[in-house]
Amino acid sequence: MKVLILNAGSSSLKYQLIDMNGEKILAKGLVERIGIDGSRINQKVDGKVFEATAPMKTHTEGIQWMLRALTDPEKGAVTTMDEISAVGHRVLHGGERFTASVKVSEEVKDAIRDNIPLGPLHNPANLMGIEACEKVMPATPNVAVFDTAFHQTMPKKAYLYGVPMEYYKKLHIRRYGFHGTSHRYVSKRACEFLGLDRAHSRIITCHLGNGSSLAAVLNGKCLDTSMGISPLEGVLMGTRSGSLDPAVVQFIANNERMSVDEVLSLLNKKSGLLGVSGISSDMRDIDAAADAGDPNATIARDMLVWGIRKYIGAYAAEMNGVDAIVFTAGIGENNTTLRAMVMKDFDYLGAKLDPDKNKTREEAVISTDDSTVKVCVIPTNEELVIARDTLAIVTGQPIAD
Ligand code: AMP
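The present account deals with the structure reproduced in this document.

## Notes on the overall build of the protein
Reasoning step 1: Each helix and strand in the protein was counted, giving 14 helices and 14 strands.
Reasoning step 2: A compact globule built from 401 residues should have a C-alpha radius of gyration of about 21 Å, and the protein, at 21 Å, falls within 12% of that.
Reasoning step 3: Seen through its principal axes, the protein has C-alpha atoms that stretch 60 × 55 × 50 Å.
Reasoning step 4: Across the 401 residues that make up the protein, the buried fraction comes to 51%.
Reasoning step 5: In the protein, once contacts between residues fewer than 6 apart in sequence are set aside, the share between residues at least 24 apart is 60%.
Reasoning step 6: Accessible surface for the protein amounts to roughly 18300 Å². Of this, 52% is attributable to carbon and sulfur atoms.
Reasoning step 7: Across the protein, 45 positive and 49 negative side-chain charges occur, with their mean positions spaced 1 Å apart.

See below:
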């Protein structure tokens, strides 16, 4: 059975075709600049590259190009689109409605639409991706996998904000959390890899990439996470500020004569590593500049490390200790310097990093043998989780938790 994984953005479609027999990636592709001049597609299948630049005004035209690429006789991965058994869609915001992945129906689409106020940039694009697939591949079932679903087990004391209760009831203002598919995958994989009993486990997952979030996962269920009603809350990120006193919004708005929307855009797109360093949103550039003595890059890196350490301490307190700390995503998997800075002086908690083991970029334990808290690197694989959920749903099997 072959499953297509689709991550639809406002002007892009990222996709993978996975053969579930052996979970092998058959094709990876990207359609870019949909609705903008210079629309293009790039797909890789076994080293063969399909490339084209052609007008693609809508997501439907983008999906048509994707199918053309996938079925290309020389550079494609399948003979006909009938070989694709199902499509799994990454959907950003499932609100409180979705606690797990679901087969797409009219009702599910309505609910994704209802959540547009919570995910104004992503949910409309995700819906466009679903509707384009329905149009171009009408016989193929679609499954929605939500970034928020894993976090729905958080208790009220963790997800409510301290605002009048009527705003939670009326406007659904609360912490939702994101990167749920990744936290779910790496926390489970960590238990398998470390031989921990998941039903009695305390895991802190650090998904550190361009967007970063941490989660406290108690007995296999999310207890708390750092992102909030939007992905802006939490630690410093590539271009996002992370948590700050909301009065900052008022100060900037009043002094710079900006609207709230403009300040939010500043906090989402021009802040974080980029804003503090004035150099780049990419951690590799920050490391290079900090190592060369740039003071702003140094403070940006220190702020990120500080924030991560703060959440680890808080989550250990919430769970009465921790069995494993997991690093994942672009920075978590690759940045050995940052991991060493984060894990410094955690021996009070029983966590000690082994500098030699920390050199890895693959699945590995990176703590010393006598460290009572296991620290490890687990590469994330959100596409695989989406593919597995999709396969389970379309074949009527239970979804793995
Ligand atoms: P992500 O959003 O998960 O793709 O992560 C992006 C971040 O990961 C960027 O800040 C990069 O600097 C960092 N990153 C990605 N790949 C590498 C790599 N091979 N080595 C070091 N850092 C990396």
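There's plenty left to go through after this.
## Re the environment of glycine 62
Reasoning step 1: Residue placement: glycine 62 occurs in helix H1 (residues 59-70).
Reasoning step 2: According to the relative accessible area criterion, glycine 62 is buried, its value standing at 0%.
Reasoning step 3: Each residue touching glycine 62, except ones within four places of it in the same chain, is listed here: Leu13, Val31 and Met56.

## With respect to the pairing of strand E1 (residues 2-8)
Reasoning step 1: A large share of E1 lies buried, amounting to 6 of its 7 residues.
Reasoning step 2: Two strands pair when backbone bridges link them, and E1 and strand E2 (residues 13-19) are joined in this way by 7 bridges, in the antiparallel orientation. The residue of E2 that forms the bridge with valine 3 is isoleucine 18.
Reasoning step 3: As paired elements, E1 and strand E6 (residues 84-91) share 5 bridges and run parallel to each other. Directly across from leucine 6, in E6, lies its bridge partner histidine 89.

## Some words on helix H11 (residues 295-318)
Reasoning step 1: If you check H11, its first and last C-alpha atoms are 35 Å apart, about what 24 residues at 1.5 Å a residue would give, namely 34 Å.
Reasoning step 2: Looking at H11, one finds that the buried residues are Ala297, Ala300, Arg301, Leu304, Val305, Gly307, Ile308, Tyr311, Ile312, Tyr315 and Ala316.
Reasoning step 3: Capping the start of H11 is the job of one residue whose side-chain oxygen sits 3.0 Å from the backbone nitrogen of asparagine 296: aspartate 294.
Reasoning step 4: Phi for asparagine 320, located one or two positions after H11, is positive at around 55°.

## Let's talk about the pairing of strand E4 (residues 40-45)
Reasoning step 1: Burial of E4 is one-sided: the residues Ile41, Gln43 and Val45 facing one way are buried, the residues Arg40, Asn42 and Lys44 facing the other way are not.
Reasoning step 2: As paired elements, strand E3 (residues 24-32) and E4 share 5 bridges and run antiparallel to each other. Bridging from a neighbouring strand, glutamate 32 pairs with arginine 40 of E4.
Reasoning step 3: Between E4 and strand E5 (residues 48-53), which pair antiparallel in sequence order, lie 2 residues; one of them, aspartate 46, sits at a positive phi of approximately 50°.

## A look at the sheet that holds strand E10 (residues 212-218)
Reasoning step 1: An order of E11-E10-E9-E12-E14-E13 is seen for the 6 strands of this open sheet, with the pairing classed as mixed. Here the strands that pair on one side only, and so sit at the sheet edges, are strand E11 (221-225) and strand E13 (364-365).
Reasoning step 2: Bridging between strand E12 (residues 324-328) and strand E14 (residues 374-377) involves 4 bridges; their strand directions are parallel. Considered in E14, the bridge of phenylalanine 327 is made with valine 377.
Reasoning step 3: Strands strand E9 (202-208), E10, E11 and E12 of the sheet are contacted by H11, whose axis makes an angle of about 15° with E10.
Reasoning step 4: Along the sheet face, helix H13 (residues 336-343) touches E9, E12 and E14 and points at about 155° away from the line of E12.

## Observations regarding the sheet that holds E3
Reasoning step 1: Read from one edge of the open sheet, 8 strands run E5-E4-E3-E2-E1-E6-E8-E7, paired in mixed fashion. Bordering the open sheet on either side are E5 and strand E7 (102-103), each of which pairs with just one other strand.
Reasoning step 2: Across the face of the sheet, H1 comes into contact with E1, E2, E3, E4, E5 and E6 while running at roughly 35° to E2.

## Quick look at the site of the ligand
Reasoning step 1: Looking at the ligand, the residues that line it are Gly209, Asn210, Asp282, Met283, Arg284, Ala329, Gly330, Ile331, Asn334 and Arg361.
Reasoning step 2: Taking aspartate 282, its side chain carries an N or O atom lying 2.4 Å from an oxygen atom of the ligand.
Reasoning step 3: Asparagine 334 is positioned with one of its side-chain polar atoms (N or O) 3.4 Å from a nitrogen atom of the ligand.
Reasoning step 4: Taken by itself the ligand offers 500 Å² of open surface, and the protein chains cover 67% of this.
Reasoning step 5: The site holding the ligand turns out to be the second largest pocket.
Reasoning step 6: Of all the secondary structure elements, the ones that give two or more residues to the shell around the ligand are helix H10 (283-291) and helix H12 (329-334).
Reasoning step 7: It is H12 that contributes the most residues to the shell around the ligand, 4 residues altogether.
Reasoning step 8: In terms of residue class, the shell around the ligand is built from 3 nonpolar, 4 polar and 3 charged.

## What about the layout of surface pockets?
Reasoning step 1: Approximately 320 Å³ is the volume attributed to the second largest pocket.
Reasoning step 2: Considering the residues around the second largest pocket, the lining is formed by 13 residues, among which Asp282, Met283, Arg284, Gly330 and Ile331 are closest to the centre.
Reasoning step 3: Those elements that place two or more of their residues in the lining of the second largest pocket are H10 and H12.
Reasoning step 4: A class-by-class count of the residues in the lining of the second largest pocket yields 3 nonpolar, 6 polar and 4 charged.

Rules used throughout
- Residues numbered from 1 in each chain as written.
- Predicted model: local features only at pLDDT ≥ 70, side-chain atom pairs only at ≥ 80, totals over all residues.
- Heavy atoms only, no water.
- Helix = DSSP H or I, 4+ residues; strand = E, 2+ residues; numbered from the N terminus.
- Rg over C-alpha atoms; globule rule 2.2 N^0.38 Å.
- Buried < 20%, exposed > 50% of the residue type's maximum accessible area, 1.4 Å probe, protein only.
- Contact = heavy atoms within 4.5 Å.
- Areas by Shrake-Rupley, 256 points an atom, 1.4 Å probe, with all protein chains shown as cover.
- Lys, Arg positive; Asp, Glu negative; His and termini not counted.
- Charge placed at Lys NZ, Arg CZ, Asp CG, Glu CD.
- Pairing = 2+ DSSP bridges.
- Expected span 1.5 Å × (residues − 1).
- Polar contact = N/O pair within 3.5 Å; in protein donor to acceptor, adjacent residues only side chain to side chain.
- Axes fitted to C-alpha atoms, helices over the stretch in contact; angles between N-to-C directions.
- Near = heavy atom within 4 Å.
- 1 Å grid on protein atoms, 1.4 Å probe; cavity = no way out; pocket = protein on both sides within 12 Å on 5 of 7 lines; lining within 4 Å.
- Sits in = over half its atoms within 2 Å of the grid points.
- Nonpolar A, V, L, I, M, F, W, Y, C, P; charged D, E, K, R; others polar.
- Points joined across faces, edges and corners; volume = space filled by probe spheres on them.

That's the geometry; what it means functionally is another story.
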